[in-house]
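Architecture at a glance
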Amino acid sequence: MELALLYSGGKDSSLAALLLDTFYDVRLVTAHFDVTDDWQHAERAAETLGFPFETLELDTDVARTAAERMYEDGYPRNGIQTVHEHALERVAEWDVDAVADGTRRDDRVPTVSRAQAQSLEDRHGVDYLSPLSGFGRHAVDRLVETALDVQTGPSEEIPRADYEAELRVVLTDNYGPEAVAEVFPDHTQTYVRGRQ
């Protein structure tokens with residue numbers, strides 16, 4: 001069975017790929033707006049893990065809407081959620097049996113409710129899977145330690161291909177560089193360099 005997993009090159013989506021690989025033909029898919037070439041970070045991570053990789057170019061109007069929402073809110077949650085829902089909708093249109101992401105039980109964003117998952121499945125005829133939805137951060141970290149070589153650090157310094165990287169550029173272009181500091185709290189990111 002073919003599965004498209006939204007992939008950032010980080011530990012969560014990489015662990016999700018490893019867990020799903022037993023049952024599906026996993027294809028790692030990085031959604032981007034073609035604002036930067038940061039998707040290449042995910043491509044390199046996918047290569048080190050041995051999974052097929054593709055990109056999915058998203059509608060730039062969604063990036064502008066998300067950035068506007070984040071700027072108005074003063075935090076990133078709703079904007080990132082908007083982008084994630086758009087990416088899931090787009091990848092569900094592909095000729096696959098299932099779509100998945102690396103969301104965890106304790107993620108604040110993005111999240112997919114039961115109703116959203118069922119709607120996605122019903123409208124597109126695919127299964128939606130979130131293999132980490134029963135795992136909290138500490139459980140994920142323990143599993144990752146046994147399976148993956150991960151680089152961790154401040155968000156601004158870690159190579160990554162998540163929505164945040166391009167949304168930071170859109171925020172800067174539309175609202176100035178200070179907008180990024182106002183919207184995004186300091187936090188750490190991860191980047192997978194390979195398997196253990």
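Residues numbered from 1 in each chain as written. Predicted model: local features only at pLDDT ≥ 70, side-chain atom pairs only at ≥ 80, totals over all residues. Heavy atoms only, no water.

The name recorded for the protein in an unreviewed UniProt entry is Asparagine synthetase domain-containing protein, from Halogranum gelatinilyticum.

1. Quick look at the overall build of the protein
For the protein, the helix and strand inventory stands at eight helices and seven strands. For 196 residues, the compact-globule estimate of 2.2 N^0.38 gives 16 Å, and the C-alpha radius of gyration of the protein, at 16 Å, lies within 12% of that figure. Dimensions along the principal axes, computed over C-alpha positions, put the protein at roughly 45 × 40 × 30 Å. Residues classed as buried in the protein amount to 50% of the 196 residues present. Of the contacts formed within the protein by residues at least 6 apart in sequence, a portion of 78% connects residues at least 24 apart. (Helix = DSSP H or I, 4+ residues; strand = E, 2+ residues; numbered from the N terminus. Rg over C-alpha atoms; globule rule 2.2 N^0.38 Å. Buried < 20%, exposed > 50% of the residue type's maximum accessible area, 1.4 Å probe, protein only. Contact = heavy atoms within 4.5 Å.)

2. A few points about the sheet that holds strand β3 (residues 53-57)
Either a parallel or an antiparallel arrangement is found when strands of a sheet pair, and the pairing is made through backbone hydrogen bonds. The strand order across the open sheet formed by five strands is β3-β2-β1-β4-β5, and the pairing between neighbours is parallel. Looking along the sheet, the strands with just one partner apiece sit at the ends: β3 and β5 (127-129). Across the sheet, the axes of successive neighbouring strands diverge by a mean angle of 30°, strand direction being ignored. Of the strand pairs in this sheet, strand β1 (residues 2-6) and strand β2 (residues 25-32) are connected by five bridges, and their pairing is parallel. (Pairing = 2+ DSSP bridges. Axes fitted to C-alpha atoms, helices over the stretch in contact; angles between N-to-C directions.)

3. Quick look at the pattern of salt bridges
Applying the stated criterion across every chain, the model contains 16 salt bridges. The shortest N-O distance in the salt bridge between Glu93 and Arg90 comes to 3.9 Å. Classification of Glu93 by relative accessible area gives exposed; the value is 52%. In this structure, the salt-bridge partner of Asp162 is Arg160, at a minimum N-O distance of 3.2 Å. By relative accessible area, which is 8% here, Arg160 ends up buried. Salt bridges here are not isolated pairs; linked through shared partners, they connect Glu156, Arg160, Asp162, Glu164 and Arg168. (Salt bridge = Lys/Arg side-chain N within 4 Å of Asp/Glu carboxyl O.)

4. Describing the nonpolar core
The biggest cluster of nonpolar side chains holds 32 residues, and the ones touching the most others in it are Val83, Val99, Tyr163, Leu167 and Leu171. For this core, the elements supplying multiple residues, two or more each, are β1, β2, α3 (60-73), α4 (77-92), α5 (114-124), α7 (163-175) and α8 (177-183). Looking at which element gives the most residues to this core, the answer is α4, with six residues. Once you skip the residues sitting within four places of it in the chain, Tyr163 turns out to touch Leu6, Ala31, Ile80, Val83, His84 and Ala87. Core analysis: the second largest hydrophobic core is formed by 27 residues, Ala45, Ala46, Val140 and Val144 among them. (Core = buried A, V, L, I, M, F, W, Y, C linked by side-chain atoms within 4.5 Å.)

5. Re the side chain of Arg168
Of note, Arg168 is situated in helix α7. Arg168 gets classed as buried once you look at its relative accessible area, which sits at 11%. Among the polar contacts made by the side chain of Arg168, one reaches the side chain of Glu164 at a distance of 2.8 Å. Residues contacting Arg168, with those up to four places away along its chain left out, are Ser155, Glu156, Arg160, Val180, Phe184 and His187. (Polar contact = N/O pair within 3.5 Å; in protein donor to acceptor, adjacent residues only side chain to side chain.)

6. As for the side chain of Ser13
By the element assignment, Ser13 lies in helix α1 (residues 11-20). Side-chain polar atoms of Ser13 contact the backbone nitrogen of Ser8, separated by 3.2 Å. Once residues lying within four places of it in the same chain are set aside, the contact partners of Ser13 are Leu5, Leu6, Tyr7, Ser8 and Gly102.

7. Quick look at α1
For α1, the tally of buried residues reaches eight of ten residues, placing the bulk of the element in the interior. The set of residues buried in α1 consists of Lys11, Asp12, Ser13, Ser14, Leu15, Ala16, Ala17 and Leu20.

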